Amino acid sequence: MSRNIRKELFSASRQVIVKAGTRLLIDRKSIAALVSGIAVLRSTGKKVLLVTSGAVGRGMEALNLTRRPRKLADVQALAAIGQRELMALYSAECRKHGFISAQLLLTAADLRNRERYLNVMNCINSLWEHDVLPIVNENDSVSVDELKFGDNDTLAAMLAALTGAELTLILTSENGLRDRNEDGSLGDRIPVVEKISDEIKALAGDTNDSKFSIGGMRSKLNAAEIVTRSGAAMWIVDGNDGEAIPHVISGDDIGTLFLPGRNKIPGKKRWLTFFSRTSGKITIDDGAAKALQNSGKSLLPSGIKAVEGDFRRGDAVEVAGCDGKVFARGLVNFSAAECLKIVGKKSSELHQILGSDVDDEVIHRDHLTLV
C-alpha cells in the first residue's frame, strides 16, 4: 500500500481512538511522551479518545509492592489507588500542552445496557465538543469476571464502534503482526491486512514462548474484527518509538494496518451486534432464513419453528436456522410466551390471538442484524 493511501485514510478520519498498553506506561516520562504524541494528533484537528491501562501497576508502586496479588479484592484496591495516581499524571501532562482531560471508568454492563450505552456515547461527544481528551479505563475497582471487557484492546474496539471513530490506533510493544516461518517462529512484519481470515488469526500463536508468539496479539486481532466490521481501520504500531504517531500522520509504512470491512454495520445496529446480551433464541425455517439473509426482510411468525428462553418484548434474541446455527440477532416485539402462541401463524392471525394492538413482525428488519 502506498503512502498516499495510508495518508488519505488518516486524513479521512475525524475521530481517533488511541489505546496504550501497560508496558508503555511504566513511569512519568513514558506518560509524558504518550501525551505529547496525542497533542500532536490533536493538532491535526482530530477528536481523540485515549484508552489507558496501568492503574493496578500504579497502585502497586504507591504501596511499594513488587508482586501482583492474587485476591480479587486486593487487585481492586490497587486499581482504586492507582487510578487516581494515573489520572493525576495525565492531567498534569495534558495541561502542559494546553488542554484538559476527563476520566471515564467503564464496565461491560455500561455498554450492554442500551440506555447506559447511549449515556456513555453522549458524554464522550460532549467532552469532544468542549475540546477535552476523554481517558477511559476499565473500572477494575468494581469489575468481576462477568462485568469485564476482557482486555483494553477489546474496550478500545468497542469504543470505536460506539463513537463511529474511523481509526483505532493500538500502541503496543511490538511493531505489528508478524508472519510465520516454516518452523513456526515469528517472521516478517505484515504491513497490511485486508481481511481477517482464519490464516491471519493463526498468526497470533498458541504458546507463551516469546520466540513463537506475540503477547496479546490474539486480543488485538479480536479487536480488529470489531473495528473493521464497524467499517473503520485499526493500526497496530510500536509505542516505544517516540515518533510513532508522527509516522502515522505521515502515512509511513510502520506496524500493521487493518483495512475497513466492505460491509459496514450501520451505527444504529452496532449496539445490537457488539454489545447486546441475548435472552433467548428463535429457530426459523429455511424460507424465512433466506428472506432475512438475502432480501433484508423482517421476521414474521409464519417462519418460526421453535422458541427458547424467557425473554420479554424489546429483549435481544438470537435467530437460528433449522441447522441450529445462529446467523442473526434482533430486538423482539413479543415475549417468549407470546411467541409460542404464534409459532407458524400468519401475520393476519396475530390480532385474533394476541389482541388488536400488536406488531405484524416478530422482529422488524430495522432491529435485526446478521452475525
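Refer to the structure above for everything that follows.
Criteria and cut-off values
Residues numbered from 1 in each chain as written. Predicted model: local features only at pLDDT ≥ 70, side-chain atom pairs only at ≥ 80, totals over all residues. Heavy atoms only, no water. Helix = DSSP H or I, 4+ residues; strand = E, 2+ residues; numbered from the N terminus. Rg over C-alpha atoms; globule rule 2.2 N^0.38 Å. Buried < 20%, exposed > 50% of the residue type's maximum accessible area, 1.4 Å probe, protein only. Pairing = 2+ DSSP bridges. Contact = heavy atoms within 4.5 Å. Axes fitted to C-alpha atoms, helices over the stretch in contact; angles between N-to-C directions. Salt bridge = Lys/Arg side-chain N within 4 Å of Asp/Glu carboxyl O.

1. Overview of the overall build of the protein chain
The number of helices and strands found in the protein chain is 14 helices and 15 strands. At 23 Å, the protein chain has a C-alpha radius of gyration in line with the 21 Å of a compact globule built from 371 residues. Its C-alpha atoms put the protein chain at 70 × 45 × 40 Å along the principal axes. Sorting the 371 residues of the protein chain into buried and exposed places 49% on the buried side.

2. Section: unusual backbone geometry
For Asn64, which is not glycine, the phi torsion reads 60 degrees and is therefore positive. Position of Asn64 relative to the elements: it lies in the loop between α3 (55-62) and α4 (72-96). Overall, the relative accessible area of 68% leaves Asn64 in the exposed class. The phi angle at Asp131 is positive, at roughly 60 degrees, despite the residue not being glycine. Position of Asp131 among the secondary structure elements: in the loop between α6 (114-129) and β4 (133-138).

3. Thoughts on the sheet that holds strand β9 (residues 233-238)
Read across the open sheet, the 8 strands follow the order β3-β4-β2-β1-β5-β9-β10-β8; overall the sheet is mixed. Looking along the sheet, the strands with just one partner apiece sit at the ends: β3 (101-106) and β8 (192-193). One ladder, built from 3 bridges, connects β9 with strand β10 (residues 256-258); its direction is antiparallel. When the bridges of β10 are listed, Met234 appears paired with Phe258. Sitting on the sheet, α6 touches β1 (15-20), β2 (47-52), β3 and β4, and the angle it makes with β3 is about 170 degrees.

4. A word on the sheet that holds strand β12 (residues 304-309)
The sheet built from 5 strands is open, its strands ordered β12-β11-β13-β14-β15 with mixed pairing. Every other strand in the sheet has two partners, leaving β12 and β15 (368-370) as the edge strands with one partner each. Going across the sheet, the axis of each strand differs from the next one's by a mean of 25 degrees, ignoring polarity. Judged from the 3 bridges that link them, strand β11 (residues 280-284) and strand β13 (residues 316-320) form a sheet pairing that is parallel. The residue of β13 that forms the bridge with Thr283 is Ala320.

5. Structural notes on the pattern of salt bridges
Inspection of the entire model under this criterion finds 13 salt bridges. Here Arg6 and Asp253 are joined by a salt bridge, their closest N and O atoms 3.1 Å apart. Residue Arg6 is found in helix α1 (residues 3-11), and its partner Asp253 is found in the loop between α10 (244-250) and β10; the two are separated by 247 residues along the sequence. Classification of Asp253 by relative accessible area gives partly exposed; the value is 42%. Note that Arg42 is salt-bridged to Asp131, the shortest N-O span being 3.1 Å. Of this pair, Arg42 sits in helix α2 (residues 28-42) while Asp131 sits in the loop between α6 and β4, and the two are 89 residues apart along the sequence. Since its relative accessible area comes to 15%, Arg42 is described here as buried. Residue Asp131 is classed as partly exposed on the basis of its relative accessible area of 49%. Bridged by salt links that share partners, the residues Arg6, Arg189 and Asp253 form one connected network.

Read these as spatial facts, not as claims about activity.
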